[in-house]
Amino acid sequence: QNFFLFYHIWNFGTPLKAITLCNIVQHEDMPSIKVWDPNDPGTKYELMHIITPAFPAMNSTHNVSMATFEVLKREIARGFHCLSRANRGIDAEKWGTLFAKNTFFIDHKNYIFVKACAPKRNLTEWSGLIESKIRSLVLSLEHYQDVKVTPYCKSVKLKLKQKDINAHTHPDQLKRMELLKKKRIQQLKAKKKAERQRKQEEAKLRALQLKLQKEREEERALFVLSLSPQLLFVHVLLLFLFVILIVM
């Protein structure tokens, strides 16, 4: 309750009303590092002033525009009025009301829908670029007094088919995508062919090793068979000598 009360009644009109958690310090041995200064002429264009507590002190809300400032004030007021009605404590129902789903898509009459299509690996980079462009669009629309802009600061994921993506893609980009697709297919075919050749070479090598092993075993068996009569004669001669020694 105190959190929402503080931000609800705070006047963000001038830099002298900045919210700081500690004193702003300027290190003389680091003159090149810019520290937020309420007397800087550039700060008068900032709508909110919430200063970071660590060096170098900076305004964490320097990029808040008039549209997002109105959204922040409205949500802070909603949170304050929601929790201020709690007589004793904040129960699960109050928390559920406070963190209820956004009703952005039913609160307004007209919408500007920006659809962006990009490969999945480049989607993060494209989304950052598009968000910056949308911010520039909102800032340009704020110059018209009869236009009230309420930005929605989240992306909406759509399940699109390939034909829907192609319908919103530049023809030159489609050609490049087709060339890349053909190149990937060729690379995949070459990789599979090389893998198949490698397996064939390994199979031939294993067959040759088995053949050589079998030939060596046959040669060893023939050698044993050819020496068997000689070994028998040697055994008989040793036995005869042993008997003679015993008799003597």
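All of the points below concern the structure found in this document. This is a predicted model, so every value here is computed, not measured.

### Section: the pattern of salt bridges
For the structure on display, the rule yields four salt bridges. Glu195 is the salt-bridge partner of Arg198, the closest N and O atoms lying 2.3 Å from each other. Separated by three residues within a single helix, Arg198 and Glu195 lie in helix H7 (residues 171-247), roughly one turn from each other. Under the relative-accessibility criterion, Arg198 is labelled partly exposed at 38%. Among the ionic contacts, a cluster of salt bridges with common partners joins Glu195, Arg198 and Glu202.

### Brief notes about the packing of aromatic side chains
Taken as a whole and judged by the stated rule, the model has five aromatic pairs. Considering the side-chain rings of Phe6 and Tyr7, the 5.4 Å spacing of their centres and the 85 degrees angle between planes classify their relative orientation as edge-to-face. Under the relative-accessibility criterion, Phe6 is labelled partly exposed at 33%. Between Phe104 and Tyr111, the ring centres sit 5.6 Å apart and the planes meet at 70 degrees, which makes this aromatic pair edge-to-face. On the basis of relative accessibility, which here comes to 10%, the residue Phe104 falls in the buried class. The structure contains a cluster of three or more aromatic residues connected by ring pairs, namely Phe3, Phe4, Phe6, Tyr7 and Trp10.

### Some details on the side chain of His49
Among the secondary structure elements, His49 is positioned in the loop between helix H1 (2-9) and helix H2 (66-84). For His49, a relative accessible area of 1% translates into the label buried. Of note is the side chain of His49, whose polar atom sits 3.4 Å from the backbone oxygen of Glu46.

### Thoughts on the layout of surface pockets
In this structure, the second largest pocket occupies an estimated 200 Å³ of space. If you go around the second largest pocket, the residues you meet are Lys34, Val35, Trp36, Asp37, Asp40, Gly42, Thr43, Glu46, Ala57, Met58, Asn59 and His62. Here the lining of the second largest pocket is built from residues that sort into four nonpolar, four polar and four charged.

### Quick notes on the packing of H1 against H2
Taken N-terminus to C-terminus, the directions of H1 and H2 make an angle of 135 degrees; their axes are 9 Å apart at the nearest point. When the axes of H1 and H2 are compared, the pair comes out oblique. The two elements H1 and H2 meet at a crossing, and its hand is left-handed. Taking contact as the criterion, the partners of Phe4, Leu5, Tyr7 and His8 in H1 are, on H2, Ile76, Ala77, Gly79, Phe80, His81 and Leu83.

Each value, and the rule that gives it
- Residues numbered from 1 in each chain as written.
- Predicted model: local features only at pLDDT ≥ 70, side-chain atom pairs only at ≥ 80, totals over all residues.
- Heavy atoms only, no water.
- Salt bridge = Lys/Arg side-chain N within 4 Å of Asp/Glu carboxyl O.
- Helix = DSSP H or I, 4+ residues; strand = E, 2+ residues; numbered from the N terminus.
- Buried < 20%, exposed > 50% of the residue type's maximum accessible area, 1.4 Å probe, protein only.
- Phe/Tyr/Trp six-rings, centres within 6.5 Å; stacked < 30°, edge-to-face > 60°.
- Polar contact = N/O pair within 3.5 Å; in protein donor to acceptor, adjacent residues only side chain to side chain.
- 1 Å grid on protein atoms, 1.4 Å probe; cavity = no way out; pocket = protein on both sides within 12 Å on 5 of 7 lines; lining within 4 Å.
- Points joined across faces, edges and corners; volume = space filled by probe spheres on them.
- Nonpolar A, V, L, I, M, F, W, Y, C, P; charged D, E, K, R; others polar.
- Axes fitted to C-alpha atoms, helices over the stretch in contact; angles between N-to-C directions.
- Parallel < 35°, antiparallel > 145°, perpendicular 65-115°, else oblique.
- Left-handed = near helix turned anticlockwise from the far one by under 90°.
- Contact = heavy atoms within 4.5 Å.

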